[in-house]
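# Examining the three-dimensional arrangement
If you want the building blocks of each chain, they are given just below.
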Amino acid sequence: MHIIEAGNVAAAIGVKLSRAQVIAAYPITPQTPLTEKLSEFVESGELEAQYIPVESEHSAMAVCIAASTAGARAFTATSANGLLYMVEQLHWAVGARLPVVMCVANRGIGAPWTVWNDQQDTISQRDVGWIQLYCNDHQQIIDSVIKAFKLAQTVSVPVMVCYDGYLLSHTYMPFEQPEQSKVDAFLPAFTPKHFLDPENPGNFNTVTLPDIRLDVDGIMAPGYIEIRHNLQEDLRAALDTYVTIDKEFEKEFGRGGNPFVEEYKCEDAEFVAVCIGSLSYQLRDVVDIMRDDQVKIGVMGVQMYRPFPDQAITQALAGKKCVIVFEKALSYGNQGALYADIKSALYSSEKKPRIHNYILGLGGREIKTQHLLDALAESCTTPDTFGDSPRWIGLKLQE
Amino acid sequence: MRKDIIEIRWHGRGGQGAITAAKIVANAAFVAGYKGVVMAPTFGTERRGAPVFTSLKISKAKIYDLSPITTPDMVVVLDHTLLEEVNVVAGLKENGLVVLNGPRPLAAYPFPGMRVAVSDVTKHAVEAGLPAGIVNSGIIGAFAKATGLVDIDILVQAIEKEFVGKKPEKNAKAARIAFDNTDIGG
């Protein structure tokens, strides 16, 4: 059944359908309505879960870590500075290989304070080891939350489901609610291989030494570097796992088929705009306008940013004349992070496209279709004149 | 810039229910066959009593641009006192429509080059048995009469669904009375 609701509500319904068992969260704009909705679900009995209000985001993630260690399906949500306040625990959750799922309603980071959308919060956490999924509309939010729980428990890595604050979190649009029985079939109850169990005492996350050593049972146990190596290997293998999960989801619900990137009019395109999140949908209208003027252009949204789907991206972009990367985040002192990652992926490609980087929309600066048209027109007409530094769109600098 | 999208901007005051009204119309429009529906409230600075607006875009096809409306086809104003504070017709397209809740006759609200529809929704809501000041259901009746975009019966069903447990019949009645008492100018 279709309903019309805000993106935060789509996320909350996804969490309810996934039968999360422990929810701990601290409210922060623009994530707040999501946690309010979940507490309503728990209060009314629609969702059988423990809702644990906490005094900070750091504690929210600590509760999720504890719950997940005990084998419960754990969920939290945050934005911006709230995400950054839990960073130490983010590293712990992934190092301890706990299948926590978290939604992030993307918001710019203070100082200076802003409550509006950009993606600096999650992009700045790309190296933590969490899987990062990004959504373009409400259907992708609810579907991604359900898939995220399955992916997290399959590969024992926590997953962030990210969506643009306000633009998606507070905007209403129609989406299909999956049936509970189908979600239950897709995502059955889960018992991890190892969990905290008073009947079977064990040591978790003990101190490692620089070298390997015998554990308490006399078995040679991996050291820190082996454990970290395994995380890297498992994250790379998670790419294939997610393809499988996406296919299963598509079979059950009829939606999917684009686990890594979503392309629009890219097949015959000479120019491809690339970005993360709802902007990739706004760019579809721009592509249509330029197509009317006979410009062979398409747009590609990146749906999974970590692990980085470099092969899918290379396959989509190699041989194009020019790739134009739009970002609502920046690796300060360098370039856009996505831009740098795409360049790196294309380095070994024989047919390297030109590649341009635009920074826009920081702190909720409105992204006007005309600005996008102007930027793309310049990239398409003079692709050889761009340097490696990002250009800014919509700046109003005073002389 | 897409020609197929109808852009409707809703003006009200924080707490007056403009967002709820736009959401009801969004639901009804979807039921009536508009598969593309996007409603984007003003972000971040809502305060009770302060002027707020929300953007509603509807189309037969999926809508991709989530940015606020700047050139609406029509504006709906829940409170005539806003006319003194806000330029509600900013960016309104030529021959665009203003749907207004106001106590005075059409001639009292001149908008040159635009079409105007007026209903005293505040009064009609009280006639329907609602407490004074509830206007977000009644204004939908005026909207239906003035625009003809969505059938009044579908809108009334959406009102009853939204106001479950909150006087659904009286809210529906307010919309119907306003529908029958909306004056539309040339």
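Below you will find a few notes about this structure. All values derive from a computational prediction rather than experimental measurement.

Procedures and definitions
Residues numbered from 1 in each chain as written. Chains lettered and ligands numbered in written order. Predicted model: local features only at pLDDT ≥ 70, side-chain atom pairs only at ≥ 80, totals over all residues. Heavy atoms only, no water. Phe/Tyr/Trp six-rings, centres within 6.5 Å; stacked < 30°, edge-to-face > 60°. Helix = DSSP H or I, 4+ residues; strand = E, 2+ residues; numbered from the N terminus. Buried < 20%, exposed > 50% of the residue type's maximum accessible area, 1.4 Å probe, protein only. Pairing = 2+ DSSP bridges. Contact = heavy atoms within 4.5 Å. Axes fitted to C-alpha atoms, helices over the stretch in contact; angles between N-to-C directions. Lys, Arg positive; Asp, Glu negative; His and termini not counted. Salt bridge = Lys/Arg side-chain N within 4 Å of Asp/Glu carboxyl O. Polar contact = N/O pair within 3.5 Å; in protein donor to acceptor, adjacent residues only side chain to side chain. Buried area = accessible area lost by both parts, 1.4 Å probe. Nonpolar A, V, L, I, M, F, W, Y, C, P; charged D, E, K, R; others polar. 1 Å grid on protein atoms, 1.4 Å probe; cavity = no way out; pocket = protein on both sides within 12 Å on 5 of 7 lines; lining within 4 Å. Points joined across faces, edges and corners; volume = space filled by probe spheres on them.

## As for the packing of aromatic side chains
Residues and elements named next belong to chain A. The full count for this structure, using the stated rule, is 9 aromatic pairs over all chains. Arranged with centres 5.4 Å apart and planes meeting at 85 degrees, the rings of phenylalanine 186 and phenylalanine 249 form a pair that is edge-to-face. Of this pair, phenylalanine 186 sits in helix 8 (residues 180-186) while phenylalanine 249 sits in helix 9 (residues 224-253), and the two are 63 residues apart along the sequence. For phenylalanine 186, a relative accessible area of 3% corresponds to the buried category.

## Let's talk about the sheet that holds strand 12 (residues 271-275) of chain A
Picture the strands of a sheet paired through backbone hydrogen bonds; they go either parallel or antiparallel. Residues and elements named next belong to chain A. Spatial ordering of the open sheet is given by 11-13-12-15-16-17, a layout of 6 strands whose pairing is mixed. For this open sheet the edge positions go to strand 11 (261-264) and strand 17 (391-392), each flanked by a neighbour on one side alone. Pairing of strand 15 (residues 322-327) with strand 16 (residues 354-359), which is carried by 6 bridges, proceeds in the parallel orientation. Paired with cysteine 322 across the two strands is arginine 354, which belongs to strand 16. Set on the sheet, helix 11 (residues 310-317) makes contact with strand 11, strand 12, strand 13 (297-302) and strand 15; between it and strand 13 the angle comes to about 175 degrees. Its contacts with the sheet place helix 13 (residues 369-381) against strand 12, strand 13, strand 15, strand 16 and strand 17, and it is angled at close to 150 degrees to strand 15.

## Let's talk about the side chain of arginine 73 of chain A
Residue and element names in this part refer to chain A. Mapped onto the fold, arginine 73 is located in the loop between helix 3 (57-69) and strand 4 (74-78). The side chain of arginine 73 sits in the buried core without any salt bridge; aspartate 184 is the nearest counter-charge, 6.8 Å away. In this structure the side chain of arginine 73 is engaged in a polar contact, spanning 3.1 Å, whose partner is the side chain of glutamine 153. In this structure arginine 73 touches Ser18, Arg19, Ala20, Gln21, Val22, Phe149, Gln153, Leu187, Pro188, Ala189 and Phe190, once residues within four positions along its chain are discounted.

## Section: the interface of chain B and chain A
At the interface, 22 residues of chain B touch 23 residues of chain A. Note on chain B versus chain A: buried area summed over both sides is about 2,000 Å², and carbon and sulfur give 68% of it. For the interface between chain B and chain A, the tally reads 3 salt bridges. Here aspartate 137 of chain A ties to lysine 62 of chain B by a salt bridge, and the two come within 2.9 Å at their closest N and O atoms. Across the chain B-chain A interface, the total number found is 6 residue pairs in polar contact (both at pLDDT 80 or more). Contributions of two or more residues to the side of chain B that touches chain A are made by helix 1 (18-31) and strand 2 (36-41) of chain B. By residue class, the composition of the side of chain B that touches chain A is 13 nonpolar, 4 polar and 5 charged.

## Side note on the layout of surface pockets
The volume enclosed by the largest pocket comes to roughly 1,700 Å³. In terms of lining residues, the largest pocket is bounded by 43 residues, among which Ala96, Asn203, Phe204, Asn205 and Ile227 of chain A are the most central. Take the lining of the largest pocket: its biggest share by element is 4 residues, from helix 9 of chain A. Taken together, the residues that form the lining of the largest pocket break down as 20 nonpolar, 16 polar and 7 charged. Here the second largest pocket is characterised by a volume of approximately 1,300 Å³. Mapped by element, the contributors of at least two residues to the lining of the second largest pocket are strand 1 (2-6), helix 1 (7-17) and helix 2 (32-44) of chain A together with helix 1 and helix 4 (152-162) of chain B. Examining the composition of the lining of the second largest pocket, we find that 9 residues originate from one element, helix 1 of chain B, more than from any other.

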